[in-house]
Every structure is written in C-alpha cells, then in structure tokens.
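Close look at the chain arrangement
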Amino acid sequence: MSVCIGVVHATRVAVSPIEAALENHWPEAEVVQLIDESLARDLEAVGHLTPALFERVDRLAKFAHRGGAEAILFSCSAFGPAIEAVQSRLPIPVFKPNQAMLDEALRLGTRIQILSTFRPSGPSIRKELEAQAAQKKIALKIEVSYVADALDALQAGDPQTHDALIAEAAANAAHADVVLLAQFSMARALDAVSRRVDASVLSSPENAVLTLKRMMRAPVNGHNRTTNGAATASSAQHLSA
C-alpha cells in the first residue's frame, strides 16, 4: 500500500525540487501538493510571523490531512514556529523542511554557512540550527548570507542567473565546513555551488524525502503511521489553497 504525503509550499518554485527528489527516491509515494504563494509575500511584507500567518499555516496542514495525507512536509523554512505549532495539533507526522539537512550539517562540521534567497529563511534556519546544536552541546560558527535577486531571477524564468548568484555568494563567503542551501527552490544550484567551494554543500529536498521515507516505516514524534479514512489523492496533484 502506498503512502500519501502532503507537501505545503509558500512559493511555486519549490515544487519542482521536491518532485525531483520524490521521483528519485520515493516514486511510489502519492502526493498532494498545496501552494499558497501569498504566505511568502505576506511574511516578507510584515517581517515576522503573525497570528494570522500561524492560522493560515495550520489551515493548510489540516486541509492536507483531511485530503488523506498520512504525513505532511512543509517546504518553506521561514515558517518554523508555525510548523511546530501544527506538529502539536495533528495526529500525523509533520516535518519542517530542514530537519534532516540540519542533522546532517551537524555531523559534517561546526563552521556553517547558510545561504538564502528569501530573506526571512536565513535567520529562521539559524535559530533551528543553534537550538539543535545546543541540545547536542556543539559549539558552532554560523554565517548567514542573503543572496539578493536570485529568487526574482528564478521566478522570472532565468534559472542560470539564479544558480550563478548563489554560487558567487558561496565563493565570497568565509571558509566553512558546510554550506546550507536554505530553501527547496535553491536545490537546483547545488552543483554550481559545489564547484565553487571546498565545503560540503547540502540542500533540503533530498534529505527530507529520504528521512521521511525511512521514518514513515516506524513511529514518528510519538505518532504511528495512520490512515484517516479520507480519500487518497492522485499522485502529484496540485491544489491552490
């Protein structure tokens, strides 16, 4: 029996990377994808997570759950606290986009460069990384860099410029053991960045899919894999929410 996974996006450019990772590592999974691009726009305009944004994130997760999702993966790293709130409310596993990538980063080194193309994502990931490091009593040196104009280029249909800007930012950064590409949409730049730095370069979609696939075979966060009885959606269905 296949597993139905709900994926919630705050930007359309995050869709292709997760589809590619699922196709490579978990093609038998059935997927419901929810896209609300106004989430990213509104967060950037306000500059912080508001109660209204918390409520909208919660509503999207519940919609995916009612649609048959047995686990939910969020693709936007800037909504960490809102995703944590969802984790406490739903009876299915709910994953933040970078959980697996940050675990891997802490295994690989202590000097970490975070690159983001959506300004709120960098500080959000830094907080998550520092919290995980504190639990493990690991001292880190973290640098966060915002790559201006890269996301605009990708959304305008110019992925080459997107990748080049990110690679240039990585090359200009201080020496690091690990470079983190903060958003799902940045995964396509992994090869370009890897050619410009000596550090390990990590992106979140593949790490997330591999971890999700492994963990769905066992209890996650105290929840057993469940089927809620709702109708299962067809593979790679896109719903505007």
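Going by the structure above, here's the rest.
Just so we're clear, the structure is a prediction, and the values are computed from it rather than from any experiment.

1. Here we look at the packing of helix 5 (residues 99-108) against helix 6 (residues 121-135)
Remark: helix 5 packs on helix 6, axes separated minimally by 10 Å, with the N-to-C direction vectors making an angle of 55°. It follows from the interaxial angle that helix 5 and helix 6 lie oblique. Where helix 5 crosses over helix 6, the two elements pack in a sense that is right-handed. Of the residues in helix 6, those touching helix 5 at Q99, L102, D103 and L106 are I125, E128, L129, Q132 and A133. A class-by-class count of the residues in the contact of helix 5 with helix 6 yields five nonpolar, two polar and two charged.

2. A few points about the nonpolar core
In terms of nonpolar packing, the biggest core is built from 29 residues, with I114, L129, I166, V179, L180, L181 and V193 touching the most fellow members. Contributions of two or more residues to this core are made by helix 5, strand 5 (111-116), helix 6, helix 8 (159-172), strand 7 (178-181), helix 9 (190-194) and strand 8 (200-203). If we skip the residues at most four places from it in the chain, I166 touches L115, T117, V147, A150, L181, M186, A189 and V193. Among the nonpolar cores identified, the runner-up in size contains 27 residues, and L34, L43, L60 and F74 belong to it.

3. So, the pattern of salt bridges
Overall, the coordinates contain 14 salt bridges when judged by the stated rule. When the shortest N-O distance is used, the salt bridge between R89 and D58 registers 3.3 Å. Linking R89 in the loop between helix 4 (80-87) and strand 4 (94-95) with D58 in helix 3 (residues 51-66), this pair joins segments that are 31 residues apart in sequence. The exposure class of D58 is buried, given its relative accessible area of 9%. Its salt-bridge partner being K96, residue E84 comes within 2.6 Å of it at the nearest N-O pair. With E84 in helix 4 and K96 in the loop between strand 4 and helix 5, this residue pair connects regions lying 12 residues apart in the sequence. Judged by relative accessible area, which is 11%, K96 ranks as buried.

4. Looking at the sheet that holds strand 8
If you trace the four strands from one edge of the open sheet to the other, you get 6-5-7-8, paired in parallel fashion. Of all the strands in the sheet, the pair left with one neighbour each is strand 6 (141-146) and strand 8. Sheet twist, expressed as the mean angle between neighbouring strand axes with direction ignored, is 20°. Across the sheet, helix 6 touches strand 5, strand 6 and strand 7, and the angle it forms with strand 5 is around 150°.

5. Overview of the pairing of strand 5
Every regular strand shows the same layout, with side chains that alternate between the two sheet faces. The buried count for strand 5 comes to five of six residues, which makes it a mostly enclosed element. Two strands pair when backbone bridges link them, and strand 5 and strand 6 are joined in this way by six bridges, in the parallel orientation. Considered in strand 6, the bridge of S116 is made with Y146. Between strand 5 and its parallel partner strand 6, the chain crosses via helix 6, and the hand of that crossover is right-handed. Of the strand pairs in this sheet, strand 5 and strand 7 are connected by four bridges, and their pairing is parallel. What sits directly across from I112, in strand 7, is V178.

6. Let's talk about the pairing of strand 1 (residues 4-9)
The element strand 1 is extensively covered by neighbouring structure, given that six of its six residues are classed as buried. Direction of pairing for strand 1 relative to strand 2 (residues 30-35): parallel, over a ladder of six bridges. Along strand 2, the bridge assignment pairs V8 with L34. Taken together, strand 1, helix 1 (residues 15-25) and strand 2 constitute a β-α-β crossover, and its handedness is right-handed. Pairing of strand 1 with strand 3 (residues 71-74) involves four bridges; the strand directions are parallel. By the bridge assignment for strand 3, V7 is matched with L73.

The rules behind each value
Residues numbered from 1 in each chain as written. Predicted model: local features only at pLDDT ≥ 70, side-chain atom pairs only at ≥ 80, totals over all residues. Heavy atoms only, no water. Axes fitted to C-alpha atoms, helices over the stretch in contact; angles between N-to-C directions. Helix = DSSP H or I, 4+ residues; strand = E, 2+ residues; numbered from the N terminus. Parallel < 35°, antiparallel > 145°, perpendicular 65-115°, else oblique. Left-handed = near helix turned anticlockwise from the far one by under 90°. Contact = heavy atoms within 4.5 Å. Nonpolar A, V, L, I, M, F, W, Y, C, P; charged D, E, K, R; others polar. Core = buried A, V, L, I, M, F, W, Y, C linked by side-chain atoms within 4.5 Å. Buried < 20%, exposed > 50% of the residue type's maximum accessible area, 1.4 Å probe, protein only. Salt bridge = Lys/Arg side-chain N within 4 Å of Asp/Glu carboxyl O. Pairing = 2+ DSSP bridges. Right-handed = clockwise from strand over helix to strand, strands pointing away.

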